[in-house]
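As a plain string of letters, each chain reads:
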Amino acid sequence: MTRTIVESKSKTAIIGFDQPFCVIGERINPTGRKKLAAELEAGDFSTVERDAVAQVLAGATVLDINAGVVYNSNPNPNETEPPLMRKIVELVQGLVDVPLCIDSSVPGALEAGLEVAEGRPLLNSVTGEEERLEEILPLVKKYNIPVVAISNDDTGISEDPDVRFAVAKKIVERAADFGIPAHDIVVDPLVMPVGAMGTAGLQVFALVRRLREELGVNTTCGASNISFGLPNRHGINNAFLPMAMGAGMTSAIMNPVALPVGPKKIAEKRAEVEATGIVLPADMDDEAFCQMFGLGSTKARAGKEMEAIRAANFLTNNDPHGGEWIKFNKAPAKEGEEGRGRGGRAGGRRRRA
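This one's a predicted model, so the numbers in the text were calculated from it and none came from an experiment.

## Focus on helix 8 (residues 233–247)
Thought 1: Counted at 1.5 Å a residue, the expected span for helix 8 with its 15 residues is 21 Å, and the 21 Å between its end C-alpha atoms agrees.
Thought 2: Buried residues of helix 8: Asn237, Phe240, Leu241, Ala244, Met245 and Ala247, and no others. Buried residues of helix 8, seen end-on, are gathered within an arc of 145° and therefore sit on one face of the element.
Thought 3: Among the structural elements, helix 7 (200–215), strand 10 (251–254) and helix 11 (304–315) are those in contact with the buried residues of helix 8.
Thought 4: Two residues or fewer past helix 8, Gly248 is found with a positive phi of approximately 120°.

See the structure below:
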C-alpha cells in the first residue's frame, strides 16, 4: 500500500489510500492577497501567524508555505523570495507542530525553505518540463523528501486527460532514474473549472483512479479550482472533495477555514431581519445572531469542506469508530475555555442540515 511520509520535528502525516484524507492548508500564500503581500514586504508576519494557527485548529494536516511576493522595491523573486521563505518557515514551525509543504516556482526559495525546515517536508512542486525536472529532482534526492508532481509539461496544460496521465507517468519514471521511489511522488492531475469544462469532475475522477491503479501514486489537487467562477463555491467544493476521495484522491491543497463574518454583513442582515418586524432580544450578541440566522460565525472555524472530508473519512473506515467525527461535532467551548483541546475549537460546533 502506497504511503507518503511527511514529518515535522515532532509529528508525522501519512498520505495514503488507507489513511484519513490529508488536508494541506493553502492560506499562507500571498498570491491574490494584496494585503498579505504588502505586509510581507513590510516585514509584518501577523497574518501569517494567524493563518497558521487557524488552519491547524480547523484540521489542516500539513501547511503549505508560499513566499511568492513580488516586491515593489525589488521585482526579482530570485533575490527576495529565498530569504522570505526561510523566515516564514522558521516562524511557522515555531508556532505549530504540523509538517510543512515548501511551495515555490523559484528553486532557490525551495532550497532555502528546505535548509531550515525540520523533519521531512513535502516539496511543491516539479512539472514535466525538462528544465524543471533537471532543477528539482536532484533537490528531492538530496534532501530525501516527497514532491508534488504537476501534470503539465513544456507544451502547457492539456485538456486531454490521457496527456496529463502521460506527463505524470513521465515524471514518475524520471524520478526513478534519480532513485526517488513512486511513494514519494504525489501527483496533481490538475483540476479544471467545471464551469468552463462540464466534464472536469469526471476527468479528474478517472485520472485519479488511473494514477492509483497503474502508477500506484498518491494524489493531490488545488481543490477550489473545480468551482472557479461559480456561485456558492463552497457548495461545489463540498460535493467535489468526497467524490474525489471516493475515486482514490488522498490529499488536497485547500483552505480548511471558514473566514469570520464581518460587521458590515452582520449589520445588513440585522436590518433585513428587523425590517420584517422581528424583534431581536436586546442582549443578542453578534455571534448568537450569526448562528441563529445562518450567517456562519464571527470567529474563524472549520469550513464546510472539512465537515465533508471528515464524514467521508468515517464512511470509508479511515476514521475507525468515528472518533474524529464525534470530536469534530462536539459543542464549542464556552467563553474562556478556548484552547483546552481540539474538541472545543470553534470549528467543532454542531451543524444543522
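## A word on the packing of aromatic side chains
Thought 1: Tallied over the full model, the rule gives 3 aromatic pairs.
Thought 2: Aromatic side chains Phe205 and Phe240 sit 5.8 Å apart centroid to centroid with 25° between the ring planes, which places their arrangement in the stacked category. Of this pair, Phe205 sits in helix 7 while Phe240 sits in helix 8, and the two are 35 residues apart along the sequence.
Thought 3: Residue class for Phe240 comes out buried when judged on its relative accessible area of 4%.
Thought 4: Its guanidinium or amino end placed over the ring of Phe165, Arg210 lies 3.8 Å from that ring's centre, counting from NZ or CZ.
Thought 5: Over the ring of Phe289 we find Arg270, and its NZ or CZ is 4.6 Å from the ring centre.

## What to know about the sheet that holds strand 7 (residues 147–150)
The strands that make up a sheet are held in pairs by hydrogen bonds between backbone atoms, and each pair lies either parallel or antiparallel.
Thought 1: Taken together, the 8 strands give an open sheet; going across it, the order is 9-8-7-6-5-4-3-10, and neighbouring strands pair in parallel fashion. The sheet terminates laterally at strand 9 (218–219) and strand 10, the two strands that pair on one side only.
Thought 2: One ladder, built from 3 bridges, connects strand 3 (residues 22–28) with strand 4 (residues 62–66); its direction is parallel. Among the inter-strand pairings, Ile24 is bridged to a residue of strand 4, identified as Val62.
Thought 3: Packing against the sheet, helix 4 (residues 107–116) makes contact with strand 5 (100–103) and strand 6 (122–127), and its axis sits at approximately 155° to strand 5.

## Observations regarding the environment of Glu39
Thought 1: By secondary structure assignment, the location of Glu39 is in helix 1 (residues 34–41).
Thought 2: Relative accessible area serves as the criterion here: at 11%, Glu39 is assigned to the buried category.
Thought 3: Along the chain, Glu39 and Pro181 lie 142 residues apart, while their C-alpha atoms are 39 Å from each other.

## Quick word on the environment of Thr220
Thought 1: Inspection of the secondary structure puts Thr220 in the loop between strand 9 and helix 8.
Thought 2: Sequence spacing of Thr220 and Asp188 is 32 residues, and the spatial spacing of their C-alpha atoms is 4.9 Å.
Thought 3: Beyond its immediate sequence surroundings of up to four residues, Thr220 is in contact with Ile24, Val148, Val186, Val187, Asp188, Pro189, Met249, Ser251, Ala252 and Ile253.
Thought 4: Within polar-contact distance, the side chain of Thr220 engages the side chain of Ser251 at 2.9 Å.

How each quantity is defined
- Chains are numbered independently. Their residues run from 1 in the order of the written sequence.
- Under the rules for a predicted model, residues below a pLDDT of 70 receive no local features and side-chain atom pairs below 80 are neither given nor counted, while totals for whole chains, interfaces and linings still include all residues.
- Excluding hydrogens and water, the side-chain values take into account all heavy atoms of the structure.
- Comment: elements are numbered from the N terminus, with helices defined as DSSP H or I runs of at least four residues and strands as E runs of at least two.
- Multiply 1.5 Å by the residue count of a helix minus one, and that product is the helix's expected span.
- When accessible area is computed with a 1.4 Å probe and restricted to protein chains, residues below 20% of their type maximum are described as buried, those above 50% as exposed, and intermediate ones as partly exposed.
- To be clear, the arc concerns the directions from the helix axis to the C-beta atoms.
- The criterion used for residue contact is that any of the two residues' heavy atoms lie within 4.5 Å.
- Centre distance within 6.5 Å is the pairing criterion for rings of Phe, Tyr and Trp, where only the six-membered ring of Trp is used; planes under 30 degrees apart are then read as stacked, over 60 as edge-to-face, and the remainder as tilted.
- Only lysine NZ and arginine CZ atoms are considered, and such an atom sits over a ring when it is within 6 Å of the ring centre and within 35 degrees of the ring normal.
- Two strands pair if DSSP finds at least two bridges between them.
- Each axis is a line fitted through C-alpha atoms, taken for helices only over the stretch in contact, and angles between the N-to-C directions span 0 to 180 degrees.
- Any N or O atom pair separated by 3.5 Å or less is treated as a polar contact, with the protein-specific requirement of one donor-capable and one acceptor-capable atom, and with residues adjacent in sequence counted only for side-chain atom pairs.

Nothing here speaks to function; it is geometry throughout.
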